[in-house]
Amino acid sequence: FTNEFLFSNIPGPGISATPLNIWEKGIEQFAAPEIEKGRKLLHEKTNISKATSDSAKLMEIASFISTIHSNPSGIEVKKMNGLSPYLQMTESLKSNAQLDCGNYSQMLAYLCDIENLPNRRVTYRGPDGNWRFGVHYMNEIYIREKQCWILADALNTIYWPHDSINTYNAVSIKKIFEVNGMAGKKVFTFQHDSMVLKNYSALAYWHQYYNTSNASIAFLFPGKEIQKNMFHDLLDFYTFTHHEIWYNDNKQNNWPLIILKIISFYSLIILIASWVISEMKFLKKRKRS
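What comes next is a walk through the structure. All of these numbers come straight from a predicted model, not from anything done at the bench.

Reading the values: the criteria
Residue indices begin from 1 for each chain and proceed along its sequence in written order. Residue-level local features of this predicted model are given only where pLDDT is at least 70; pairs of side-chain atoms are given and counted only at 80 or more, and the full residue set underlies all totals for whole chains, interfaces and linings. Side-chain measures were taken over the full set of non-hydrogen atoms in the model, leaving aside hydrogen atoms and water. Each helix is a run of DSSP H or I of at least 4 residues and each strand a run of E of at least 2, with the numbering of both proceeding from the N terminus. Accessible area is worked out with a 1.4 Å probe on protein chains only. A residue is then buried under 20% of its type maximum, exposed over 50%, and partly exposed in between. Only heavy atoms enter the contact rule, under which two residues are in contact if any of them lie within 4.5 Å. Each accessible area value is a Shrake-Rupley result obtained with a 1.4 Å probe; residue values ignore everything except the protein chains displayed when judging cover. Paired strands, as defined in this entry, are two strands with at least two bridges between them according to DSSP. Any two of the Phe, Tyr and Trp rings considered here, Trp counted by its six-membered ring, make a pair once their centres fall within 6.5 Å; the pair's planes then place it as stacked at under 30 degrees, edge-to-face at over 60, or tilted in between.

### Some points on the overall build of the chain
Okay, step 1: The secondary structure content of the chain amounts to nine helices and eight strands.
Okay, step 2: Taken across its 289 residues, the chain has 46% of its residues classed as buried.
Okay, step 3: Of all intrachain contacts in the chain linking residues separated by at least 6 positions in sequence, the fraction that spans at least 24 positions is 65%.
Okay, step 4: Carbon and sulfur atoms provide 56% of the accessible area of the chain, an area that totals close to 15,200 Å².

Written out as structure tokens, the structure reads:
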């Protein structure tokens, strides 16, 4: 079963996936005390109160995230995933947590949400090509003064891939690897809590792996991620709901097939309902007679 509604059907690196306001709603999932505690922690640990632009806010958040490290003997990842992003951060700051890319992605999204930075979690999805290493979670942040989405990979401390002309999001990074266009690409990263500029090629191993495996790129809607199965795909398709949207150059929405599936499904529902109603009427008549 293929849920064709998954795919964004928007070609090219400038993909927006959905209207910007969708990605401004992440803060709605957090209660006021959790927002306040997160802001207090961030303002204690960084100079974000002095940041006057989205760019400056993001770099203050990135600087803070770079101080959070995984402890192999800490709380295991599966248990960490059950904690709120704030509690994941506090446990990590006590060196009491094992972390993977999903944890870093949640924490970065949370901090962006509470500082009113439009953002979305991004992940590579398969199975397409060689999937020995599963999936990888990152983020995209919308920088309003630049009017563009930029990629942020907190696990690998990769922020703001760019060259002298362009900034890059997850889809445009995919294009770079397709044409082997790494020359001149830079990223901001952190060494000993200090921001430095590096060649993207020096840090891009995992990005190259996934993007050369024909991975689909999934943009996760704000809120708790749903571990989906075929039933969820069916439900999403026939109820026109979405929890994520995919991008893949080789797979786009097949609108004739979508229309055929919807007409066939609802025609079947109407047919079954008509049969049930007619049978009920027939049984009523037999009882009367």
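### Some words on the pairing of strand β5 (residues 186-191)
Regular strands show a simple pattern: their side chains alternate between the two faces of the sheet.
Okay, step 1: Note: strand β4 (residues 158-162) against β5, two bridges, orientation antiparallel. Following the sheet pairing, H162 is matched in β5 by K186.
Okay, step 2: Across six bridges, the pairing between β5 and strand β6 (residues 194-199) is antiparallel. Following the sheet pairing, Q191 is matched in β6 by S194.

### Quick look at the pairing of strand β3 (residues 148-153)
Okay, step 1: In terms of residue burial, β3 counts as a mostly covered element, since six of its six residues are buried.
Okay, step 2: The alternating pattern of β3 places C148, I150 and A152 on one face and W149, L151 and D153 on the opposite face, and all of these are buried.
Okay, step 3: The sheet contact formed by strand β2 (residues 137-143) and β3 spans five bridges and is antiparallel. Bridge pairing links Y142 to W149 in β3.
Okay, step 4: Between β2 and β3, which pair antiparallel and follow one another directly, the connecting turn spans four residues, one of which, Q147, has a positive phi of 55°.
Okay, step 5: The pairing of β3 with β4 spans two bridges and is classified as antiparallel. Residue A152 lies in a different strand from β4, and its bridge partner there is Y159.
Okay, step 6: Linking β3 back to β4 in an antiparallel pair, the connection comprises four residues, with T157 at a positive phi of about 45°.

### Topic: the packing of aromatic side chains
Okay, step 1: Counted by the stated rule, this structure contains twelve aromatic pairs.
Okay, step 2: Here W23 and F221 contribute two aromatic rings whose centre-to-centre distance is 5.4 Å and whose plane-to-plane angle is 85°, an arrangement assigned as edge-to-face. Of this pair, W23 sits in the segment before α1 (32-45) while F221 sits in the loop between β7 (216-220) and α8 (230-239), and the two are 198 residues apart along the sequence.
Okay, step 3: Seen in terms of ring centroids, Y142 and W149 are 5.3 Å apart; in terms of plane orientation they differ by 70°. Their pairing is edge-to-face.

### So, unusual backbone geometry
Negative phi characterises most residues that are not glycine, and trans characterises most peptide bonds.
Okay, step 1: One non-glycine residue with positive phi stands out, namely N116, at about 60°.
Okay, step 2: Residue position: N116 is located in the loop between α5 (101-114) and β1 (119-125).
Okay, step 3: The phi angle at Q147 is positive, at roughly 55°, despite the residue not being glycine.
Okay, step 4: You can see Q147 is positioned in the loop between β2 and β3.

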